[in-house]
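Residue strings, one per chain:
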Amino acid sequence: MEKIFNLLRERYKVSEYKNEPFQVLIGTILSQRTKDENTAIAWKSLFSHYKTPKDIAKAPEKKLRELIKVVGFYKVKAERIKEVARILVERYKGEVPRDISELLKLPGVGRKTANCVLAYGFGIPALPVDTHVHRISNRIGLVSTKDPVKTEIELKKVVPKRYWIYLNELLVKFGKDICKPINPKCNLCLIRELCLTGRINKLPQAFIP
Ligand code: SF4
């Protein structure tokens, strides 16, 4: 794992975390099933009008919809972020909780979103598993799992804690660049020798199990 991580870090730049937890939380909700560039536009437009959970809780839903219109499912997301903001104001004194079990109680917040908030909002070691992390970890052979929740559990056993916070960003970049969902570019892959799938694909057809 160490070697894989170091090779990927040499190739891909990772961000220095941490950001404002509320902005990370809302940004991650906006990003669900949406392209990064559209998430960024909606996020910027929203936070240029409203800053805090209290502001968003009081904002007209129609206005929220307008501001985030560029993301997929914007009507549902506008309702959701308003509701999340209201709950934060009423139950958490306007603060985002630092605890995964509390985060998971918020509407629209699953494990990936909660882990993003912990990692990128609070700088707490957490391992957000999205489709790239799930796919690539299985292809490499770090885990052998069927769903992202299992992947998170198994990855935490094999990936040293100091790498958790970077792993999602590294694998997302690597997944868009080389280890694509369809037709991964194994022949251009810098970790091919360390990857189970890459090594199998190199074998003559007769040896592939
Ligand atoms: S060798 Fe292929 S499957 Fe393995 S990590 Fe590289 S691109 Fe992905």
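About the criteria used
Residues numbered from 1 in each chain as written. Predicted model: local features only at pLDDT ≥ 70, side-chain atom pairs only at ≥ 80, totals over all residues. Helix = DSSP H or I, 4+ residues; strand = E, 2+ residues; numbered from the N terminus. Buried ≥ 20, exposed ≤ 12 C-beta atoms within 10 Å, placed from the backbone. Contact = placed C-beta atoms within 7 Å. Near = placed C-beta within 6 Å. Core = buried A, V, L, I, M, F, W, Y, C linked by C-beta atoms within 7 Å. pLDDT = per-residue confidence, 0-100.

Draft legend 1. Here's a closer look at the overall build of the protein. Tallying secondary structure elements over the protein gives twelve helices and zero strands in all. Going residue by residue from the N terminus, the α and β elements of the protein occur as α-α-α-α-α-α-α-α-α-α-α-α. Residues classed as buried in the protein amount to 34% of the 209 residues present. Taking the intrachain contacts of the protein between residues at least 6 apart in sequence as the baseline, contacts between residues at least 24 apart amount to 60%.

Draft legend 2. The site of the ligand, seen in detail. Looking at the ligand, there are 13 residues lining it, with C179, C186, C189, C195 and G198 nearest. The set of elements that each furnish at least two residues to the shell around the ligand consists of α9 (131-140) and α12 (196-202).

Draft legend 3. Layout of the nonpolar core. Ranked by internal contacts, the top residues of the largest apolar core, which has 46 residues, are I68, I81 and V117. Elements represented by at least two residues in this core include exactly α2 (21-31), α3 (36-49), α5 (61-68), α6 (74-91), α8 (111-122), α9 and α11 (161-177). If we skip the residues at most four places from it in the chain, I68 touches L30, A42, S45, L46, Y74, K77 and A78.

Draft legend 4. Structural view of the environment of K156. Positionally, K156 belongs in helix α10 (residues 148-158). A C-alpha to C-alpha distance of 8.9 Å links K156 and A126, two positions 30 residues apart in sequence.

Draft legend 5. Main features of the confidence of the model for the protein. Of all residues in the protein, 95% have pLDDT values of 70 or greater, and the mean over the chain is 92. Mean pLDDT across the elements of the protein bottoms out in α12 (85) and peaks in α5 (98). Contacts for the low-pLDDT stretch residues 204-209, under 50 throughout, to residues beyond four places or in other chains number two contacts.

Draft legend 6. Layout of the environment of V129. The residue V129 is located in the loop between α8 and α9 in this model. Distance from V129 to N115, taken between C-alpha atoms, is 8.3 Å for residues 14 residues apart in sequence. The contacts of V129, once residues within four sequence positions are left out, are K112, H134, P148, T151 and E152.

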